[in-house]
Structures are given as C-alpha cells and as structure tokens.
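Remarks on the overall topology
Here are the chains, one letter per residue:
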Amino acid sequence: MKNIVVLVSGGGTNLQALIDAQNSKVIKKGRISCVISSNPDAYALERAKKNNISTDVIRRKDFNTFDEYDRSLTELLKSKNADLVVLAGFMTILGKNVINEFRNRIINIHPALIPSFCGEGYYGLKVHEKALKKGVKLTGATAHFVNEVCDGGPIILQKAVEVKNGDTPEILQRRVMEEAEWKILPKAVSLFCEDKIIVTGNKTEITL
Ligand code: GAR
C-alpha cells in the first residue's frame, strides 16, 4: 500500500475526487494519510477533516528564505513517510530540494493541455482566461510528474475538453474539472500506486 500525501491551497475539489476514488476503490493500492495546505483557511482542509485524514499547514511566508521553506517542506514530507506526493491545486512553486528528494514521485494536475497554457503565471482561473483569449476550441487537463521546469515534467495522462460558445473562465474551469481533472488525477494516482508508470527521460509509458 502506497502512502499518499496531498498538497492543497484552495477549495480542494481535486482532493475530493481522490478521496472519492479511494472510497470507491478506483485507487486500490494507495491511501491518503495526510493533507498539507499552504493556506490555513483552505476549504480543502475541511474536506480532509470530514474524512478523518490528518492535516498540516506550511506557509512560504513563515520562512525567511525560499531555501529554508524548501528544506522544511522536504522534511515534513519525509516525516510523513510519503511514497507519493500529489499537488491538487497547490499554488506554491516547489524548490529543488523537494523535487530531488521525491523525483518522479510528485504528481501535479494542470488545467490545460501541456505544453499549451502552462509555466510560470499559469495557474487556476488565469489558465482558462488565457485559453479563451487565444480562442482555442479544445483545452483540457494534464497529470504529470514534477521536475525543475515549471509544468515541464513527464506527462502521465491528458484529456481534452471542448470550449463552447459563451464560455466564461469560470464555466470553462468547471467543465475542465468535471470532464478531465477529476478523472485523470485519480487515474494517474492509481496507476502510480500499482507501479504501472515507467519513466524514461521526460516521457512515461503506462504498462498494461
Ligand atoms: C484546479 O483547476 C487545478 O488544476 C489548478 O487549480 C485548481 C484547484 O482547484 N491548479 C493549477 O493551476 C496548478 N498550476 P481545487 O482546489 O478545487 O482542486
């Protein structure tokens, strides 16, 4: 059984999708042991508590330097014995220390089809604002491993979602969550827990 730690910052609908997948046995070989938030007021923490999952908070602003923050987050994750770290709407960039320690063991969900609409400055609603501004007809979500390049690590799963007439960033965000994020994130976590993801360089292969 893999020990999963989920990092959150906000509403936590992706965390909820993971909890639901665990309860419905879509995720069979992993267990969420802890939810860590960058924001003490995140609703995601309530979702964890309702499901008897332990919680913790770590804020970048409580550290003098980014390096101290990076090292403390690494130690916190090690103290939780995390096999897998999931970024489910985690809005703080990770440092090199934590990325090195958990190489190909950190999965992020990004609300666009990488390499479109990704990288620094592309997070949350901003991603959908930019997709609408460009006028793309298809967008979607990507589950990927985290490396030193922002949104640049090995892609695990992607799912496309249609952009429709009259979409606002909020409407599009909701459709991308419902049709893509809440499906591919639990699936990617499940594949990881079953040791079905082989990483070669910056690519992955899913074994049957
Ligand atoms: C989700 O759309 C997630 O993909 C996005 O933030 C939202 C969090 O929602 N993440 C990023 O933009 C990361 N670059 P949630 O808290 O309801 O899961």
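This text goes with the structure placed above it.
About the cut-offs
Residues numbered from 1 in each chain as written. Predicted model: local features only at pLDDT ≥ 70, side-chain atom pairs only at ≥ 80, totals over all residues. Heavy atoms only, no water. Near = heavy atom within 4 Å. Polar contact = N/O pair within 3.5 Å; in protein donor to acceptor, adjacent residues only side chain to side chain. Areas by Shrake-Rupley, 256 points an atom, 1.4 Å probe, with all protein chains shown as cover. Helix = DSSP H or I, 4+ residues; strand = E, 2+ residues; numbered from the N terminus. Nonpolar A, V, L, I, M, F, W, Y, C, P; charged D, E, K, R; others polar. Core = buried A, V, L, I, M, F, W, Y, C linked by side-chain atoms within 4.5 Å. Buried < 20%, exposed > 50% of the residue type's maximum accessible area, 1.4 Å probe, protein only. Contact = heavy atoms within 4.5 Å. Pairing = 2+ DSSP bridges. Right-handed = clockwise from strand over helix to strand, strands pointing away. Axes fitted to C-alpha atoms, helices over the stretch in contact; angles between N-to-C directions. Parallel < 35°, antiparallel > 145°, perpendicular 65-115°, else oblique. Left-handed = near helix turned anticlockwise from the far one by under 90°.

**Some details on the site of the ligand**
Around the ligand lies a shell of 15 residues, among which Gly-12, Thr-13, Asn-14, Gly-124 and Glu-181 are the nearest. Within the contact set of the ligand, an oxygen atom lies 2.9 Å away from a side-chain nitrogen or oxygen of Asn-14. Relative to its free-state accessible area of 450 Å², the ligand is covered by the protein chains to the extent of 92%. Only helix H1 (13–23), strand E5 (106–110) and helix H6 (169–193) provide two or more residues apiece to the shell around the ligand. Across the shell around the ligand, the residue classes tally to 6 nonpolar, 8 polar and 1 charged.

**Focus on the nonpolar core**
Counting 38 residues, the largest nonpolar core has Ile-4, Val-6, Val-35 and Val-189 as its most contacted members. Sort the elements by how many residues they give to this core and H6 lands first, with 10 residues. Those residues in contact with Ile-4, other than ones at most four positions away along the chain, are Ile-27, Gly-30, Arg-31, Ile-32, Ser-33, Cys-34, Leu-84, Val-86, Val-189 and Cys-193. Counting residues in hydrophobic clusters, the runner-up holds 19 residues, among them Val-5, Leu-7, Ile-58 and Tyr-69.

**A look at the pairing of strand E1 (residues 2–8)**
In the case of a regular strand, side chains alternate between the two sheet surfaces. Of all 7 residues making up E1, 7 are buried, and the element is well covered by its neighbours. What you see with E1 is no split at all: Lys-2, Ile-4, Val-6 and Val-8 on one side and Asn-3, Val-5 and Leu-7 on the other are buried throughout. Pairing of E1 with strand E2 (residues 30–37), which is carried by 7 bridges, proceeds in the parallel orientation. Across the sheet, Val-6 pairs through a bridge with Val-35, a residue of E2. Once you follow E1 into H1 and on to E2, the crossover reads as right-handed. Alignment of E1 against strand E4 (residues 84–87), held across 4 bridges, turns out to be parallel. In the sheet register, Ile-4 faces E4, and the bridge partner there is Leu-84.

**Digging into the packing of H1 against H6**
In the contact formed by H1 and H6, the axes pass within 9 Å of each other and the chain directions differ by 55 degrees. Regarding the angle of H1 to H6, the classification is oblique. Remark: the crossing between H1 and H6 carries right-handed chirality. Residues Thr-13, Asn-14, Ala-17, Leu-18 and Ala-21 of H1 pack against Met-177, Glu-181, Trp-182, Leu-185, Pro-186 and Val-189 of H6. Residue classes in the contact of H1 with H6 are distributed as 8 nonpolar, 2 polar and 1 charged.

Interpretation note: all reported values are geometric properties and have no functional meaning in isolation.
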